[in-house]
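Take a look at the letters that make up each chain.
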Amino acid sequence: MRRPRGEPGTRAPRPTEGATCAGPGESWSPSPNSMLRVLLSAQASPVRLSGLLLIPPVQPCCLGPSKWGDRPLGGCPNAGPVQGLQRLLEQARSPGELLRWLGQNPTKVRAHHYPVALRRLGQLLGSRPRPPPVEQATLQDLSQLIIQNCPSFDIHTIHVCLHLAVLLGFPSDGPLVCALEQERRFRLPPKPPPPLQPVLRGGQGLEAALSCPRFLRYPRQQLISSLAEARPEELTPHVMVLLAQHLARHRLREPQLLEAIAHFLVVQEAQLNSKVVQKLVLPFGRLNYLPLEQQFMPCLERILAREAGMAPLATVNILMSLCQLRCLPFRALHFVFSPGFINHVSGTPHALIVRRYLSLLDTAVELELPGYRGPRLPRRQQVPIFPQPLITDRARCKYSHKDIVAEGLRQLLGEEKYRQDLTVPPGYCTDFLLCVSSSGAVLPVRTQDPFLPYPPRSCPQSRAASNTTAHDPAQRVVLMLRERWHFCRDGRVLLGSRALRERHLGLMGYQLLPLPFEELESQRGLPQLKSYLRQKLQALGLRWGPEGG
């Protein structure tokens, strides 16, 4: 059975040289008209029209990911004619021919055919050496076809047609662009209403805001003004604990808010127990902030003396915060290192965490309190302080620079000349450790003891250890990654736990080489990072390779 002329599947009649195919009822003139001048003006310059060539052909929605000529997925019965019409549109030789294929085959036209037609129109108008002539009526009819059928387009087809229409130079206030833009806005999902910001007025407003899970953007000025508006009776321990936890959780080192907490603690000393005090003191140690309130430390010493035996874990938590601030009271240390306290906590559910904190306090006494002469934690009770990387580092490992720094050191020094994530006595995890000779040569770690003796002070144990290692003058260099989350929110002050680790490693004799996140983030790729590490190591006088031994 013969196919009617113009139906998909038949070859389009090839026009003679210099002739132009006309659409139904159209007469073509070889001279350019006003609409063509608009399309080829500055608004639709050759540069913009060439952008149409970068847009990939639109795939027919019924064919899925299959290539042309493949059997359509699901056995779509109209896939053959639909595919044939797409070929005809892509091979059209004039705008009139495009319009004819779309107008004469309404039952075969699908939504994705219109972007194909617009893309081919742009290719024709941008062709060289001379684009084919086009009449304004042709473009108006094509626009009208798209306007009539765009309500059936999906959102992707609408976006593609809108983009192509703009590239072709159709006016932004014209009927085609307006219709497509209206359909685009109609298809967009409604925006959810913005979450209501809590209104902070006094203590009750502050409590409601800090208790709300949406209150995570830490509006500093609202917190400060709310505290200023609150009456003294509105600032309850619960409100101040919420504020302290908020500051500690988000690493907000806000002096005004921290001073307000310190003042509250001093004023309400008689009404506070150690379980509340441990929460109020937490942000000071974590944020490495010693308040200006003169009665802050005397108040805490009195609370510890009064409450130490009632809540052992809270007592140790308070001392941990003070340890980060280098403000450990001797009287409280005497109590927590006493045999009675140690025996009491050994049978509790939190015995391991208390022993770990007591081990850290004992290290602080060893390294930072030479004048202390009271009891100490027995050796059999000591455990590694931080036997593995901290929780925050493990949680953010995919954002860390550790892997790329490790690869840079491997290519720069070799795998045998550094150790990664090595825990050194009394339990501090190091990022990267190097052994260096007295002449500055980086030595293979396997030939050296990577640990420095602990305790480092002159005592019978440390003296015996130093005698056995007198023939080994090697230094230990620790490369410390200072990631963005190791600092308070302002990015300038190390968190208390980080500062404590670096301080103790330095006091034990390790030479520290900090690698700040600002410098690491500025390195573009591994070659730049290797150059950066080379400069850092050479600044310490280190040598490696054939000349370094």
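The rules behind each value
All residue numbers refer to position in the chain's written sequence, counted from 1. Local features in this predicted model are restricted to residues whose pLDDT is 70 or higher, and side-chain atom pairs enter the listing and the counts only when it is 80 or higher, whereas totals over whole chains, interfaces and linings include all residues. The basis for every side-chain value is the complete set of heavy atoms in the structure, and neither hydrogens nor water enter the calculation. UniProt positions are given in the numbering used here, feature names are shortened, and annotations may be inferred rather than shown by experiment. Note on geometry: axes are C-alpha line fits, over the in-contact stretch for helices, and angles between N-to-C directions span 0 to 180 degrees. Here a strand is any run of E in DSSP of at least two residues, a helix any run of H or I of at least four, and the numbering for each starts at the N terminus. To sort the angles, those under 35 degrees are grouped as roughly parallel, those over 145 as roughly antiparallel, those from 65 to 115 as roughly perpendicular, and the leftovers as oblique. Each crossing gets its handedness from the near helix: less than a right angle anticlockwise from the far helix is left-handed, clockwise is right-handed. What makes two residues a contact is simply this: any of their non-hydrogen atoms within 4.5 Å. Under the convention adopted here, Pro, Cys and the residues Ala, Val, Leu, Ile, Met, Phe, Trp and Tyr are nonpolar, Asp, Glu, Lys and Arg are charged, and Gly plus all remaining residues are polar. Looking at any residue, its pLDDT shows the predictor's confidence there, from 0 to 100. Burial here depends on accessible area, computed with a 1.4 Å probe over protein chains only, as a share of the maximum for the residue type. Under 20% is buried, over 50% is exposed, and the range in between is partly exposed. Strands are treated as partners if at least two bridges between them are detected by DSSP.

- In the annotation of an unreviewed UniProt entry, the protein is listed under the name Fas activated serine/threonine kinase and assigned to Microcebus murinus.
- Of the protein, the UniProt comment under Subcellular location (unreviewed entry) reads exactly: "Mitochondrion".

### Things to note about the packing of helix 12 (residues 255-267) against helix 14 (residues 296-307)
- Axis separation between helix 12 and helix 14 bottoms out at 9 Å; the angle between their running directions is 50°. Taken together, the axis directions place helix 12 and helix 14 in an arrangement best described as oblique. For helix 12 against helix 14, the interelement crossing comes out left-handed. Contact with helix 12, carried on its side by Ala-262, Leu-265 and Val-266, involves Phe-296, Cys-299, Leu-300 and Ile-303 of helix 14 and no other residues of that element.
- Of the residues that constitute the contact of helix 12 with helix 14, the class distribution is seven nonpolar, no polar and no charged.

### Structural notes on the confidence of the model for the protein
- Per-residue confidence for the protein averages 79 on the pLDDT scale, and 74% of its residues sit at or above 70.
- Across the protein, the secondary-structure element scoring lowest on mean pLDDT is helix 1 (residues 34-39), at 39, and the one scoring highest is helix 13 (residues 274-286), at 97.
- In this model residues 1-77 is a low-confidence stretch, pLDDT under 50, and it forms 133 contacts with partners more than four residues away in sequence or in other chains.
- Here residues 459-471 is modelled with pLDDT under 50, and outside its nearest four sequence neighbours on either side it reaches seven contacts, counting other chains as well.

### Brief notes about the pairing of strand 2 (residues 428-436)
- With nine of its nine residues buried, strand 2 lies for the most part within the structure.
- In this sheet, strand 2 lies alongside strand 1 (residues 419-424) in antiparallel orientation, the contact comprising five bridges. Bridge pairing in strand 2 places Thr-423 opposite Cys-429.
- The antiparallel pairing of strand 1 with strand 2 creates a hairpin that spans three residues between the two strands, and Gly-427 there sits at a positive phi of about 135°.
- Where strand 2 lies against strand 3 (residues 442-443), two bridges are found, and the strand directions are antiparallel. Bridge assignment links Cys-435 to a residue of strand 3, and that residue is Leu-443.
- Between the end of strand 2 and the start of strand 3, which pair antiparallel, lie five residues, with Gly-440 showing a positive phi angle near 95°.

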